[in-house]
Amino acid sequence: MKKLSLPRILLVAFLIVGAIVTLLPVLVVFRTSFQYPRDIISGSLLFTPTFYNYIDTFTSYRFGRLLINSLVAASGTTVIVLAVASLAGFSLGKFHWANWAVSLILASLLLIQMLPPVVFAGPFYLITRQLGIYNTPLALIMAYLVLQLPLSVLILRQFAMAVPNEILEAAHIDGASNQMIFSSISLPLMVPGIATAGLLSFVFSWNDFMFAVTLTSTTKSMTIPVGIANFSQDFQVLYGNISVAAAFAAIPGFLMVIFAQRYVTRGLTIGAIKG
Amino acid sequence: MRFVKKSVFITMLLLTVGLMVFARGSTEQVPAEGGERLPAISILINESPWLDAFRKIVDVYEKETGNEVEIVGNPYSALLTRITNTLTAPESEFDIVILDEVWSNQFYDGELVACLTDIDPDFAFDEGVIEYNWATRWDHELGTNAESGKIYSVPINGNMQILYYRSDLLEEAGFEPPETWDDVFRIAEYFYDPPNMYGMVGRATGRPDFGLQAILHSLGGYLLDYDTNDRTWDVGINKPEAHEALDIYLRLVKQYSPDDYTNFGQAQMISLMQSGRVPMIYTVTAAAPNFDNPAVSSVAGLVNATVVPGPRPGEHAPTTGIQPFAIPNNLPDDRKQAALTFLEWVLQPEVQVQFGKFGGIVTRQDAWETLAEDPKFWWAGAVADSTPYAHGQIRVTVGGRIFSVLETLLRSVVAGDTEPAETLRRAEVEIHTIMEAAGYVVK
Amino acid sequence: MSQRNLYRIIDDNFKYIAIAPVIIVLVLLVLMPVGRLFATSFTEVKFVSGGLLFNPVGFINYLTAFKDAIAARALLNTTLLALISVSVEVVIAVVLALSVGYIKRGNTFFRTIFIFPMLLPPIAIGVMWLMIYDFNYGVLNSVLAFFGVRGPAWLANNMLAFPSIIIVDIWHWTSFVFLIVLAGVETLPHELSESGRIDGATELQIIRKIQLPILRPIIMTAIVTRTIFAFKVYEQIYLLTDGGPGNRTEVISSYIMRVYFNENRMGYASALSVLTLIFIAALVLFFYQLQKRVFNERGGKA
């Protein structure tokens, strides 16, 4: 596969253009983060670089604390979602279910996703206050569970379905129990799906604003998006601070992508060896 | 190999449980214990340029009294959500919530916030406190804010429109600060030189009516008028004054503005002024300290303020947009008492001056007058001069709905989707309907 | 032994045990809010003597909704936004995902970059594009000015505002579709493509005849999920245009929020939510039917 044909050059060119288009706006934010607020609104392309926004952001907010809160909420959600959704995906994808049952479950999952988030915000506020978990990461995990489960189940069902039946049948004949087939054969084969679903759960929980602002109130458990939104104020939008915060907010997700990628690609190879 | 997989699965589960325990355990609150100290209170407030001043004055309170106060800053966009949630819960999580003149009345009327004289029968405002056309009182019988009403909140952020102008530019060109709308247009015309300089910008989105009201009221018109004799309301948005006001408003918003005038809210107006590309704007007092911060503004030291213009000198009607503080009704008595103690403390004359010096938008006329003596607070004089003319916003329970309707209509007329006359006709019909549905008697 | 028995019971009922957690979570946490939503949609909610009063009004909220021109416009805008941006996103994402599969060196690099936009909080994306689009200080117009061109008001111009918003949406969400499709591409069985190659099929034929059919269910998942997400866009638009100019970029989720809180009409907002739900459900159903028609097959079911 080493020939340098014309289509190949076009392909690479296409990817490079795609990468540039994706990166340019990010560079704009990066640039903004080094500008004095007065230069941001000046409209001039030239400016004196400064750390003003960085200093201001980290002195006015306990951003470290928000980062930890976000991490706890997002990773907690991801772990639970993956455990619950991979089981459900396996059950739906690999066992025989009556048509109506599958349709019912899938349809309700989709319907949950379709509901405007505001529908859940009010009731969840009351539930978390009642349970005494209001303003804790647990409240967020509870809410994100509901929001992230549907998509993860849908994705993992697809990946469970893609696991070749022959391997499972062979294991069954060897006397393996269903739970064993799930955990030792199916799960490893579903790794790309798990990595994808996990990444999505993490990122969406990480970026959620609506529930974070409803279910937490103080820096004790407030998450990054609320911290960022606090810079978008009544009489002014602090572009510089938002840019700084955004740059830091993207780091954990970025690490997750790099980490998860190895698994997104590795999935079937492991399966093939085992099979 | 299978054991490995299984153990991974078990670890995952353990991690989950551990995390839940951690999440729960790490956030256990330690209740504040204290001898004669009052219970700690928490205040729900929105993030804004004046929040820093408020934090400082709260520090002073904590040092002076030993009482604890927690400030919960919040994005403005989520403020109403959070207030609605906390006031309708079995028990409020906050002891004081910030309201907004526009949608305070629904909470007074529904008694979701406590009547302050129920907490302390002796509570009253002294003469120095500006009452903003009774914005903090509600008369249940009349269904409007009135002197006869019960007090439900305390004005803390006394936001009011003032006209900011570039003293250097106006002086250089030989202009006096504008007193009339005609002055405004003359000055705008003179400076208009896009894209380097614009003449005037107006508020076209994010409560555009706030800009229109100052014009309408200065011409003697009104949105809603209450006749206390036969207790009926009159919708004034389709009267000749309103048509003239809309004319002025549209000129002001469009004629001497950048091409993106349809997208101009408060933040955009202030930014343009800060970048030195417009010689004047009229907007809230809270913006003032921002013009003096050299990191944020290119025009530090060059801005001055005056009363919002009118049709003729001496005929002004700057709109107030105050943010009063209220105490939730769903609170135990001792917490209500602690909250009220704090609010009474903030209203004291010396405290108000101190708050003003920190950059707060105070609510006592005497404090404004004291501040005005110091040139550092160049906006204070303009506010003190404006108080006698100040005009409140809507005085019914359905303010939020009426302004939502006006927002839609004004935005469409600014975007050129509807004709001005048609816009006002529709506004009249819609406001009429909303008022009647809310149980008001309308002419 | 009881432990053995338990093991057997789990084995025999694994199908049910595996699905139980998701059902439990959803029943516990979803039924109440949804029930409340439907109940509220038939009432008018008022603040009375320190509490909420739910005043039954029958179908009035629903009737009001059908006469609400802003709601109709917001729904139309949202639908257009969803249809246009989702189709563009799917095309770009599928091409990108397949292309990345073809190159060996730098493929991790490209993948990471193409996934990146999704990682940023929506508010940050709003500010990012404001810094680009703003008429007075946006980078786009500054660059144009450098070349002597006076740029338009991207976000405030009656013709440009909506397309500008769509571009933001495409930039943001292509990454999501890319990620999902990529996971599918990675699980494509190489043997099939290889045998196709040996039979002398061109790469394009392999993609069209072998790979795309296998990817179809996963692409369908991406389309459906993205369409649903598109009906939730809110934060970016609030920051970029706040629904303007006029109501050209007003979207349904921000309108529902406005009705719910600013207008203090919880009953009506609930009715709008229910109607939006029905609308999206119908749209998704339509997608599935369309897919069946076009490919003349039983849908994405097992």
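Everything numeric here is computed off the predicted structure, so don't read it as measured data. (Residues numbered from 1 in each chain as written. Chains lettered and ligands numbered in written order. Predicted model: local features only at pLDDT ≥ 70, side-chain atom pairs only at ≥ 80, totals over all residues. Heavy atoms only, no water.)

**Regarding the overall build of chain B**
When helices and strands are counted, chain B shows 17 helices and 12 strands. In terms of overall dimensions, chain B has C-alpha extents of about 80 × 65 × 50 Å along its principal axes. With 443 residues in all, chain B has 62% of them scored as buried. Restricting the contact set of chain B to residue pairs at least 6 apart, pairs at least 24 apart contribute 74%. Total accessible area computed for chain B in this model is approximately 16,400 Å², and 50% of it derives from carbon and sulfur atoms. Taken as two groups, the 32 positive and 63 negative side-chain charges of chain B have centres that lie 9 Å from each other. (Helix = DSSP H or I, 4+ residues; strand = E, 2+ residues; numbered from the N terminus. Buried < 20%, exposed > 50% of the residue type's maximum accessible area, 1.4 Å probe, protein only. Contact = heavy atoms within 4.5 Å. Areas by Shrake-Rupley, 256 points an atom, 1.4 Å probe, with all protein chains shown as cover. Lys, Arg positive; Asp, Glu negative; His and termini not counted. Charge placed at Lys NZ, Arg CZ, Asp CG, Glu CD.)

**Some thoughts on the interface of chain C and chain A**
Across the contact, 86 residues belong to chain C and 94 residues belong to chain A. Taken together, the two surfaces of chain C and chain A that pack against each other cover about 8,200 Å², and 80% of this comes from carbon and sulfur. On the chain C side of the interface with chain A, the three residues burying the most area are C:Phe14, C:Lys15 and C:Leu119, jointly 8% of the side's total. Our count for the contact surface shared by chain C and chain A stands at zero salt bridges. On the surface where chain C and chain A come into contact, there are 16 residue pairs in polar contact (both at pLDDT 80 or more). Ranked by residue count, the leading element in the side of chain C that touches chain A is helix H2 (residues 14-41) of chain C, at 17 residues. The residue inventory of the side of chain C that touches chain A, partitioned by class, reads 67 nonpolar, 11 polar and eight charged. (Buried area = accessible area lost by both parts, 1.4 Å probe. Salt bridge = Lys/Arg side-chain N within 4 Å of Asp/Glu carboxyl O. Polar contact = N/O pair within 3.5 Å; in protein donor to acceptor, adjacent residues only side chain to side chain. Nonpolar A, V, L, I, M, F, W, Y, C, P; charged D, E, K, R; others polar.)

**Description of the pattern of salt bridges**
Enumeration according to the criterion identifies 28 salt bridges over all chains in this entry. One network of salt bridges, with partners in common, ties together B:Glu91, B:Asp95 and B:Arg335.

**A word on the pairing of strand S9 (residues 232-235) of chain B**
All names here are of chain B. Neither face of S9 is left uncovered, since the one carrying Thr232 and Asp234 and the one carrying Trp233 and Val235 both have all their residues buried. Bridging between strand S8 (residues 224-227) and S9 involves four bridges; their strand directions are antiparallel. Across the sheet, residue aspartate 227 finds its bridge partner in S9, namely threonine 232. Hairpin connection of S8 to S9: four residues between the antiparallel strands, including arginine 231 at a positive phi of 50°. (Pairing = 2+ DSSP bridges.)

**A few points about helix H10 (residues 203-230) of chain C**
Between its first and last C-alpha atoms H10(C) spans 33 Å; for 28 residues at 1.5 Å apiece the expected length is 40 Å, and the helix comes up short by more than 12%. Remark: the principal bend of H10(C), roughly 50°, maps to C:Leu212, with a proline, C:Pro213, within the next four residues. (Expected span 1.5 Å × (residues − 1). Bend = angle between axes of the 7 residues up to and from the residue.)

**Some words on the sheet that holds strand S7 (residues 161-166) of chain B**
All names here are of chain B. Pairing is antiparallel across the open sheet formed by three strands, whose spatial order is S10-S7-S11. Of all the strands in the sheet, the pair left with one neighbour each is strand S10 (280-284) and strand S11 (303-306). Taking each pair of neighbouring strands and ignoring which way they run, the sheet shows an average axis angle of 35°. The pairing of S7 with S11 spans four bridges and is antiparallel. Looking across to S11, one finds that tyrosine 165 is bridged to asparagine 304. Contacts between helix H10 (residues 266-274) and the sheet are confined to S7, S10 and S11, with S10 contributing the most and set at about 140° to the helix. (Axes fitted to C-alpha atoms, helices over the stretch in contact; angles between N-to-C directions.)

**Observations regarding the nonpolar core**
One finds B:Phe54, B:Tyr164 and B:Phe342 to be the most contacted residues of the largest nonpolar core, which totals 359 residues. Among the elements that line this core, the one with the most residues is helix H7 (residues 137-162) of chain A, at 18 residues. Beyond its immediate stretch of four places on either side in the chain, B:Phe54 contacts B:Ile43, B:Ile45, B:Ile71, B:Ile156, B:Phe325, B:Phe342 and B:Phe355. (Core = buried A, V, L, I, M, F, W, Y, C linked by side-chain atoms within 4.5 Å.)

**Some thoughts on the side chain of C:Gln211**
With respect to the helices and strands, the residue C:Gln211 is situated in helix H10. Ignoring sequence-local partners within four residues, the contact set of C:Gln211 consists of C:Leu98, C:Leu188, C:Ser193 and C:Ile206.

**With respect to the confidence of the model for chain A**
Looking at chain A, the pLDDT average stands at 87 and 94% of residues meet or exceed 70. Confidence drops under a pLDDT of 50 for residues 267-275 of chain A, and excluding neighbours within four residues, the segment shows eight contacts in the predicted structure. (pLDDT = per-residue confidence, 0-100.)

**Quick look at the packing of helix H13 (residues 349-357) of chain B against helix H14 (residues 365-372) of chain B**
Helix-helix packing is described using two parameters, namely the angle between the two axes and the distance between the axes. Residues and elements named next belong to chain B. Relative to each other, H13 and H14 sit at 50°, their axes nearing to 9 Å. Here H13 is positioned oblique relative to H14, judged by the angle of their axes. Crossing geometry of H13 relative to H14 is assigned as right-handed. Between H13 and H14, the contacting residues are Gln352, Val353, Gly356 and Lys357 on the first element and Ala367, Thr370 and Leu371 on the second. A class-by-class count of the residues in the contact of H13 with H14 yields three nonpolar, three polar and one charged. (Parallel < 35°, antiparallel > 145°, perpendicular 65-115°, else oblique. Left-handed = near helix turned anticlockwise from the far one by under 90°.)

**Quick look at the sheet that holds strand S2 (residues 69-74) of chain B**
Residues and elements named next belong to chain B. Pairing in this open sheet of five strands is mixed, and the strands run S2-S1-S3-S12-S6 from one edge to the other. Of all strands in the sheet, those with a lone pairing partner are S2 and strand S6 (153-157), marking the two edges. Going from strand to strand, the sheet's axes swing by 25° on average, the running direction of each strand aside. Two strands pair when backbone bridges link them, and strand S3 (residues 96-98) and strand S12 (residues 323-326) are joined in this way by two bridges, in the antiparallel orientation. Looking at the pairing, valine 97 lines up with alanine 326 of S12. Set on the sheet, helix H2 (residues 51-65) makes contact with strand S1 (41-46), S2, S6 and S12; between it and S2 the angle comes to about 170°. Against the sheet, helix H12 (residues 333-346) contacts S1, S2, S3, S6 and S12, and its axis sits at roughly 60° relative to S1.

**Concerning a nonpolar patch on the surface**
A cluster of nonpolar side chains, namely A:Val12, A:Ile16, A:Ile20, A:Leu24, A:Leu27 and A:Phe30, defines an oily patch on the protein surface of about 540 Å² accessible area. Among the secondary structure elements, A:Ile16 is positioned in helix H1 (residues 6-33). (Patch = residues over 30% accessible without salt bridge, like charges linked within 9 Å, V, L, I, M, F, W, Y side chains within 5 Å.)

**Examining the interface of chain C and chain B**
In this complex, chain C contributes 33 residues to the contact, which on the side of chain B involves 32 residues. Carbon and sulfur atoms make up 50% of the area that chain C and chain B hide from each other, which totals about 2,800 Å². The largest share of the area that chain C buries against chain B comes from C:Phe47, C:Asn136 and C:Phe261, three residues that together contribute 23% of it. If you look at where chain C meets chain B, you find three salt bridges. Of the charged contacts in the structure, one is a salt bridge between B:Asp259 and C:Arg150, with a shortest N-O distance of 3.9 Å. Joining chain C to chain B, the criterion identifies 13 residue pairs in polar contact (both at pLDDT 80 or more). At the level of secondary structure, the elements contributing two or more residues to the side of chain C that touches chain B comprise strand S1 (43-48), strand S2 (51-56), helix H11 (235-240) and helix H12 (252-262) of chain C.

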